[in-house]
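Descriptive structure summary
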Amino acid sequence: MTEASLPTIDLRRDPGGQLPAVDRALRQAGFLLVTGHGVSPALRAEIRKSARSFFLLPAAVKERYAVKVGGRGWLGPGAEANGYAEGTATPPDLKESLSFAAEEPTGDAAVDAEWFLPNTWPAEVPELRPLVEEYLGLMRTLSDRVLDVLGRALGEEADFFTRHTGHPTFGFNINWYPGRERVGDPAPGQFRIGPHTDFGTVTILDRQAGRGGLQVHTDAHGWQDAPYDPESFTVNIGDLMAGWTGGRWRSGRHRVLPPPADAPAEELMSLVYFYECDPGTTVDGVESHAYLRERLAAITAG
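First, a word on scope: everything that follows refers to the structure included in this document. Keep in mind that this is a model prediction, so the values were computed, not measured. (Residues numbered from 1 in each chain as written. Predicted model: local features only at pLDDT ≥ 70, side-chain atom pairs only at ≥ 80, totals over all residues. Heavy atoms only, no water.)

Those residues of helix α8 (residues 288-298) lying buried are Ser288, His289, Leu292, Arg295 and Ala298. Packed against the buried residues of α8 are α4 (109-115), α7 (239-244), β13 (282-283) and β14 (286-287). The N-terminus of α8 is capped by Glu287, whose side-chain oxygen sits 3.0 Å from the backbone nitrogen of His289. (Buried < 20%, exposed > 50% of the residue type's maximum accessible area, 1.4 Å probe, protein only. Helix = DSSP H or I, 4+ residues; strand = E, 2+ residues; numbered from the N terminus. Contact = heavy atoms within 4.5 Å. Polar contact = N/O pair within 3.5 Å; in protein donor to acceptor, adjacent residues only side chain to side chain.)

Written out as structure tokens, the structure reads:
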């Protein structure tokens, strides 16, 4: 399998000279890499260490935090099947997740009751909360910086997108991909995460290298391994962003391969920040959060 060619955007530089490459990458693949973000590798490592302690707890303990897709808590084995978002009936994804989301209320009771609920923090790993809360603040800032670059790459003012992120929703998943000794041999068509596109504006992904890792899809080359750079975040755009550009940019189609047979003990963990926009924003004639609600329902397994 060949590796996809994606540009790396350095946020420490003026993005002007990088904008054509951004536009080209988002038209072809919906993906790019970002450096110069200023997020400490140590923070990401500490989040993984704490989250892994949770994932290794007995299932009966984790079950106390079990939620459905879109909730705040633990998504256990079999909870999601992302291929359903494309209308493909796939087996459930081979992963577990700790899921968090925006919680600072807007003051609109109906909006807050659905989109800004308190997060659930496992009592067994008390160190996780301050780490995640620090990370979420950094991701909010980074997402807006990326959106400002995208606004310019589209030929608009830098705040073309961020004028709609004054009080946005977001989701954050810590995805754990165990090895075959825990999940067994994959069923036909089963992945760690099945083929899909994300639903929001931009996704900021901190990932680990692995044989059973991320692949991106383009019309020209089909499925290819996503390039890995430990200094970079992998960024892809979602369905809302694609609609916002009138289809000029494509929502990045991707999947995460199953644990490989030749490395059955391989275990990976990804930190995935899904950025959206303010509730009530109209994108391509559709209310943004009505669309998000429908998409989250689509990937709920069972």
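What follows continues from the structure just given.
Put simply, helix α1 (residues 19-28) and helix α5 (residues 128-153) touch, their axes get as near as 9 Å, and they point 90° apart. One element, α1, and the other, α5, form an angle in the roughly perpendicular class. Facing Leu19, Val22, Asp23 and Leu26 of α1, the residues of α5 in contact are Val149, Leu150, Arg152 and Ala153. (Axes fitted to C-alpha atoms, helices over the stretch in contact; angles between N-to-C directions. Parallel < 35°, antiparallel > 145°, perpendicular 65-115°, else oblique.)

Now for the environment of Phe55. Tracing the backbone shows Phe55 in helix α2 (residues 41-55). Placed 121 residues apart in sequence, Phe55 and Trp176 show a C-alpha to C-alpha distance of 7.6 Å. For Phe55, the contacting residues outside a window of four places in its chain are Lys62, Trp74, Glu96, Ser97, Leu98, Ile174, Trp176 and Met269.

Turning our eyes to something else, we now look at α1. Of all the positions in α1, only Leu19, Val22, Asp23, Ala25 and Leu26 are classed as buried. The buried residues of α1 all sit within an arc of 165° when viewed along its axis, so they share a single face. Lining the buried residues of α1 we find β1 (8-10), β2 (31-35), α5 and β10 (233-237). Gly30, located one to two residues past α1, shows a positive phi value of around 75°. (Arc of directions from axis to C-beta.)

Where a strand is regular, its side chains alternate between the two sheet faces. Alignment of strand β8 (residues 214-218) against strand β9 (residues 222-225), held across four bridges, turns out to be antiparallel. Along β9, the bridge assignment pairs Thr218 with Gly222. Following β8, the chain reverses through three residues before pairing antiparallel with β9. (Pairing = 2+ DSSP bridges.)

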